[in-house]
Amino acid sequence: MRDWFDVKSIRSFFATSALAVAASGPAYAEPDAGAYLAARIAIMDYDFALSATYLDRALIDDPQNPVLLEESLRAHFALGEFDQAYGLADRMIAIGIDSQTANFIAMVHAAHTGNWQRIFVLLEQGQSVGPLVDGLAQAWSFVGRGRMTRAVQSFDEVIDSPGLRAFGLSHKALALASVGDFEGADAILSLPPEQGMQRTRRAALARAEVLSQLGKNDAAISLLEDFAGSAGDPVFLDKIARLRSGEVLRFEFVSGPVEGMAEVFFSVAAAIEGDADDDYTLLYSRAAEALDPTHSEAIILSARLLEALGRFDQANETYAKIARDDPIYFKAELGRAAALDSAGRTDTAIEVLKALIRNSAEMPDALASLGDMLRRNSDWAAANAAYTRALATYGPSDPSRWIVLYTRGITSERMGNWADAEADFRAALQLQPGHPSILNYLGYSLVERREKLDEALDMIARAVEAQPDSGAIVDSLAWVLYRLGRYDEAIIHMVRAAELEPLDPIISDHLGDALWAVGREAEARFQWQRALSFAPEEKDAIRIRAKLAKGLDKVLEEEGAPPLTVPRDER
């Protein structure tokens with residue numbers, strides 16, 4: 001997600017993926033070695049709870065150690081344990097440790113308590129977070145002190161800073177709206193992109209509230225309906241419904257300077273997601289949460305980052321913070337189900353999705369997610385039923401239907417219902433012509449069924465052209481050539497597939513078959529042995545062992561399959 005500004009324009013301000021710490025304070029003793037080493041292991045695994053426990057233990061013996069304080073500060077803040085983090089940041093600043101993390105969290109603490117004067121003191125003492133955050137924090141602090149003229153000047157200074165114009169404009173507009181100057185806010189929010197006001201989702205949401213306050217509900221509805229990506233967005237749909245009912249939307253986007261600071265940190269987090277380290281980005285999304293516990297999108301972002309870091313239980317707990325009456329609750333529950341599934345709690349995840357479906361009527365995204373989860377657990381029939389219900393809720397022209405048709409086709413194929421599977425694959429191709437995954441799956445299935453091999457070859461060749469570095473798709477091309485008896489050509493592509501996916505048992509098995517077909521039996525046996533070493537499914541392993549024991553020709557004969565097209569005496 002990218003909100004308020006182009007990330008490239010401020011990347012230079014966030015080039016470092018970790019907050020720096022310099023041990024400029026007093027000398028310190030060696031920490032508890034056991035606790036420190038255990039903490040380091042936990043830190044590398046992003047286990048914030050465990051690392052905080054061990055770091056706090058180490059700090060008992062060495063309470064002024066800057067490295068321990070820095071890591072403990074980060075761990076507690078990542079956990080959302082804000083009071084502990086505030087105390088650690090204050091301790092670090094008090095004893096003279098130069099830490100950008102401590103400066104950052106001290107600024108959050110000051111905003112949290114409305115202590116705007118402290119933000120000025122921090123900045124005057126050189127305890128900087130960075131030009132962008134420093135500039136906006138100063139401006140919002142003036143808002144907090146009721147000095148709007150000086151606040152506007154500070155926002156203008158940010159606007160005039162190279163690369164930060166969109167940031168400064170958006171926050172100046174929010175500040176004006178928060179004090180009731182909706183005309184001034186709309187004058188900024190309505191600026192075209194070439195003048196620096198980017199068309200983003202959050203800008204659209206903020207402007208819709210501004211327009212409603214100006215008595216322009218129709219314009220607000222038009223804005224939300226026209227905004228790219230608004231279809232199906234529960235927050236947009238909620239606002240559109242309320243506007244159509246004649247409700248005048250309150251300006252709730254930023255109700256004051258504390259929420260303004262929350263938006264600063266959320267905007268940064270949303271902008272650098274995917275470009276900076278996830279644990280670094282998490283500090284900013286948590287800062288937004290600390291200042292505005294109702295900031296649903298910051299909560300969702302924190303949960304998503306925790307998922308990316310492999311902290312699935314914490315992600316689940318974070319998603320669960322979203323209230324049931326929040327328009328974004330549906331999205332949060334989908335995320336929570338995914339986190340539970342990733343944590344190995346699939347049964348619970350399935351129940352979350354089923355409850356969501358019961359309470360939210362027939363929601364295609366929930367039904368499709370349920371189908372995906374059941375499919376990954378090989379419950380083909382239940383997954384197929386979920387996909388069928390999902391398809392019934394989509395509009396006939398909804399472009400999202402293709403992925404559900406494709407995945408339902410997979411379940412039908414696995415259930416042995418080829419007629420339905422082929423129909424779904426071909427329907428998906430009509431919606432997404434040339435999609436490599438559909439072409440590959442349909443083409444490979446035709447090859448395995450020894451049907452329409454020329455069409456299958458054309459499909460898979462197109463898939464390879466679209467994704468030439470996909471080992472699985474290159475193997476499919478090789479396999480259809482093998483089925484056509486074009487063994488030498490098949491070997492060339494199978495070798496390429498094995499280079500792309502060197503640990504795939506199916507590819508090694510296929511390469512062994514092709515080598516056997518041209519009489520290179522020793523090499524074939526080597527590839528079959530390799531395939532066994534990569535832990536194939538048991539049914540595949542049984543067949544590979546049979547080939548090693550009897551040879552491919554005998555196995556084909558026993559299976560009643562067509563023999564190889566090259567006579568044995570010609571190999």
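The text that follows walks through the structure, step by step, so that each part is easy to find.

Parameters at a glance
For every chain, the first residue of the written sequence is number 1, and numbering continues from 1 onward in sequence order. Selection of residues for local features in this predicted model requires a pLDDT of at least 70, selection of side-chain atom pairs for listing and counting requires 80 or more, and totals for whole chains, interfaces and linings are taken over all residues. Side-chain metrics in this entry use all non-hydrogen atoms of the structure; hydrogen atoms and water are not considered. A pocket here means an open set of points on a 1 Å grid, computed over the protein atoms alone, that has protein on both sides within 12 Å along at least five of seven lines. A cavity is instead a set of points where a 1.4 Å probe fits but cannot get out; residues with an atom within 4 Å of a point line either one. Grid points are joined across faces, edges and corners, and a volume is the space filled by probe spheres set on the points. All residues other than Ala, Val, Leu, Ile, Met, Phe, Trp, Tyr, Cys, Pro, Asp, Glu, Lys and Arg, Gly among them, are scored as polar; the first ten of these are nonpolar and the last four charged. Only DSSP runs of H or I with at least four residues qualify as helices, and only runs of E with at least two residues qualify as strands; both kinds are numbered from the N terminus onward. Only the contacting stretch of a helix is used when fitting its axis, a line to C-alpha atoms as for every element, and angles between N-to-C directions run 0 to 180 degrees. An angle below 35 degrees is treated as roughly parallel, one above 145 as roughly antiparallel, one from 65 to 115 as roughly perpendicular, and anything else as oblique. Handedness of a crossing is defined here by the sense of rotation of the near helix relative to the far one, left-handed for an anticlockwise turn of less than a right angle and right-handed for a clockwise turn. The contact definition used throughout considers only heavy atoms, calling two residues in contact when any of these lie within 4.5 Å. Stacked, tilted and edge-to-face are the three classes assigned to paired rings of Phe, Tyr and Trp, where Trp is represented by its six-membered ring and a pair needs centres within 6.5 Å; plane angles under 30 degrees give stacked, over 60 edge-to-face, the rest tilted. Each residue is placed in one exposure class: buried if its accessible area under a 1.4 Å probe, protein chains only, is under 20% of its type's maximum, exposed if it is over 50%, and partly exposed if it falls in between.

## A short note on the layout of surface pockets
Right, on to step 1. Here the largest pocket defines a volume of roughly 1,300 Å³.
Right, on to step 2. Together, 41 residues line the largest pocket, and Y444, E448, W479, I506 and H510 are the ones closest to its centre.
Right, on to step 3. Taken together, the residues that form the lining of the largest pocket break down as 20 nonpolar, six polar and 15 charged.
Right, on to step 4. The calculated volume of the second largest pocket comes to roughly 710 Å³.
Right, on to step 5. Residue lining of the second largest pocket: 28 residues in total, with E252, T294, H295, S296 and D326 positioned closest to the centre.
Right, on to step 6. Counting only elements with at least two residues in the lining of the second largest pocket, the list comes to α11 (201-213), α13 (234-244), α14 (257-272) and α16 (296-308).

## As for the packing of α11 against helix α12 (residues 217-226)
Packed helices, taken two at a time, are described by the angle their axes make and the gap between the axes.
Right, on to step 1. Where α11 meets α12, the axes come as close as 8 Å, and the angle between the chain directions of the two elements is 165°. It follows from the interaxial angle that α11 and α12 lie roughly antiparallel. At the point where α11 passes α12, the crossing takes the left-handed sense. Across the interface between the two elements, A204, L205, R207, A208, L211 and S212 from α11 touch N217, A219, A220, L223 and L224 from α12.
Right, on to step 2. Considered class by class, the residues forming the contact of α11 with α12 number eight nonpolar, two polar and one charged.

## Digging into the packing of aromatic side chains
Right, on to step 1. On inspection of all chains with the given rule, the structure shows 18 aromatic pairs.
Right, on to step 2. With centroids separated by 5.7 Å and ring planes inclined at 20°, the aromatic side chains of F227 and F236 adopt a geometry described as stacked.
Right, on to step 3. Under the relative-accessibility criterion, F227 is labelled buried at 16%.
Right, on to step 4. By way of ring pairs, the aromatic residues F77, F82, F104, F265, Y280 and Y284 are connected into one cluster.

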